[in-house]
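Residue-level structure breakdown
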Amino acid sequence: MSTDLGRFQKMVAEAEATPEFWAEGAILEFTEALWARMEEEGVARAELARRLGTSKAYVTKVLGGNANFTLYSLAKLALAVGGKVRISIEPIVPAGRKPRPRKLAPVSVKDSAAERERKAAAGAKNRRAVAAALGSAPKI
């Protein structure tokens, strides 16, 4: 019995090493979130299809995770149910381990609009300097 468990664990570890595994997980998360927003907003499949200007068959395909998702289509679907898409990259935490707390940059409530504008300008200046050093034209 332990050899079966070992083979299963090896199979899962091999699957987790592929982008397909993680893509399918992201699709599942998105479609579940879409279903939840539809329920919260009282939006049926037919209504979602009307809002998107598509067929009910397309909505069924999307909710089944069988559509070709692009960032544009994710945003369009989210907007249709009063939501927005958020994308993040998170560390992979092996089973049985607790994730490390994320370190976030401190946010100062005291920053004035002028200070935020100054920081944004400095960031743009740094990006232009890096682009120039790499030999690419800066996009402004």
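In case you missed it, the structure is sitting above this.
A word on the overall build of the protein chain. In terms of regular secondary structure, the protein chain is built from 6 helices and 0 strands. Listed N to C, the secondary structure of the protein chain is α-α-α-α-α-α in terms of helices and strands. The burial tally for the protein chain puts 17% of its 140 residues in the buried class. Within the protein chain, contacts between residues at least 6 apart in sequence are counted, and of these 47% link residues at least 24 apart. As presented, the protein chain carries roughly 11,700 Å² of accessible surface, and 59% of it is formed by carbon and sulfur atoms.

All right, on to the side chain of Ser 73 then. Residue position: Ser 73 is located in helix α5 (residues 71-80). Relative accessible area serves as the criterion here: at 10%, Ser 73 is assigned to the buried category. A polar side-chain atom of Ser 73 sits 2.8 Å from the main-chain amide nitrogen of Thr 70. Here Ser 73 is in contact with Tyr 58 and Asn 68, once residues within four sequence places are set aside.

Moving on, we get to the packing of aromatic side chains. Considering all chains together, one arrives at 2 aromatic pairs under this definition. Ring plane angle 80° and centroid distance 4.9 Å describe the contact between Phe 21 and Trp 22, whose orientation is recorded as edge-to-face. Note on Phe 21: relative accessible area 33%, which makes it partly exposed. Between the aromatic rings of Phe 30 and Phe 69, the centroid separation amounts to 5.8 Å while the plane-to-plane angle is 65°, which identifies the pairing as edge-to-face. Remark: Phe 69 occurs in the loop between α4 (56-63) and α5 and Phe 30 occurs in helix α2 (residues 19-41); sequence separation between them is 39 residues. Side by side, Phe 30 and Phe 69 carry an identical accessibility label, which is buried.

This part covers the packing of helix α3 (residues 45-52) against α4. Relative orientation and spacing of two packed helices are given, respectively, by the angle between their axes and the distance between those axes. It is the contact of α3 with α4, at a shortest axis distance of 8 Å, that shows an interaxial angle of 105°. When the axis of α3 is compared with that of α4, the two are roughly perpendicular. Along the contact surface, α3 presents Arg 45, Ala 46, Leu 48, Ala 49 and Leu 52, while α4 presents Lys 56, Val 59, Thr 60 and Leu 63. Across the contact of α3 with α4, the residue classes break down as 6 nonpolar, 1 polar and 2 charged.

A word on the nonpolar core. If you look at the biggest cluster of nonpolar residues, it comprises 17 residues, and the most contacted ones within it are Leu 34, Met 38, Leu 48, Phe 69 and Leu 77. Within the residue set of this core, elements represented by two or more residues are α2, α3, α4 and α5.

Side chains that differ in charge, positive against negative, can pair when their charged atoms come close. Tallying each qualifying case throughout the model produces 5 salt bridges. Arg 37 is the salt-bridge partner of Glu 41, the closest N and O atoms lying 2.8 Å from each other. In this pair, Glu 41 and Arg 37 both sit in helix α2, 4 residues apart, roughly one turn of the helix. Since its relative accessible area comes to 43%, Glu 41 is described here as partly exposed. As a salt-bridge pair, Arg 50 and Glu 47 come within 2.6 Å of each other at their nearest N and O atoms. One end of the pair, Arg 50, and the other, Glu 47, are both in helix α3, 3 residues apart, so they sit about a helical turn from each other. Owing to a relative accessible area of 57%, Arg 50 belongs among the exposed residues under this scheme. Each of the salt bridges in this network shares a partner with another, and the network as a whole consists of Arg 37, Glu 40 and Glu 41.

Procedures and definitions
- Residues numbered from 1 in each chain as written.
- Predicted model: local features only at pLDDT ≥ 70, side-chain atom pairs only at ≥ 80, totals over all residues.
- Heavy atoms only, no water.
- Helix = DSSP H or I, 4+ residues; strand = E, 2+ residues; numbered from the N terminus.
- Buried < 20%, exposed > 50% of the residue type's maximum accessible area, 1.4 Å probe, protein only.
- Contact = heavy atoms within 4.5 Å.
- Areas by Shrake-Rupley, 256 points an atom, 1.4 Å probe, with all protein chains shown as cover.
- Polar contact = N/O pair within 3.5 Å; in protein donor to acceptor, adjacent residues only side chain to side chain.
- Phe/Tyr/Trp six-rings, centres within 6.5 Å; stacked < 30°, edge-to-face > 60°.
- Axes fitted to C-alpha atoms, helices over the stretch in contact; angles between N-to-C directions.
- Parallel < 35°, antiparallel > 145°, perpendicular 65-115°, else oblique.
- Nonpolar A, V, L, I, M, F, W, Y, C, P; charged D, E, K, R; others polar.
- Core = buried A, V, L, I, M, F, W, Y, C linked by side-chain atoms within 4.5 Å.
- Salt bridge = Lys/Arg side-chain N within 4 Å of Asp/Glu carboxyl O.

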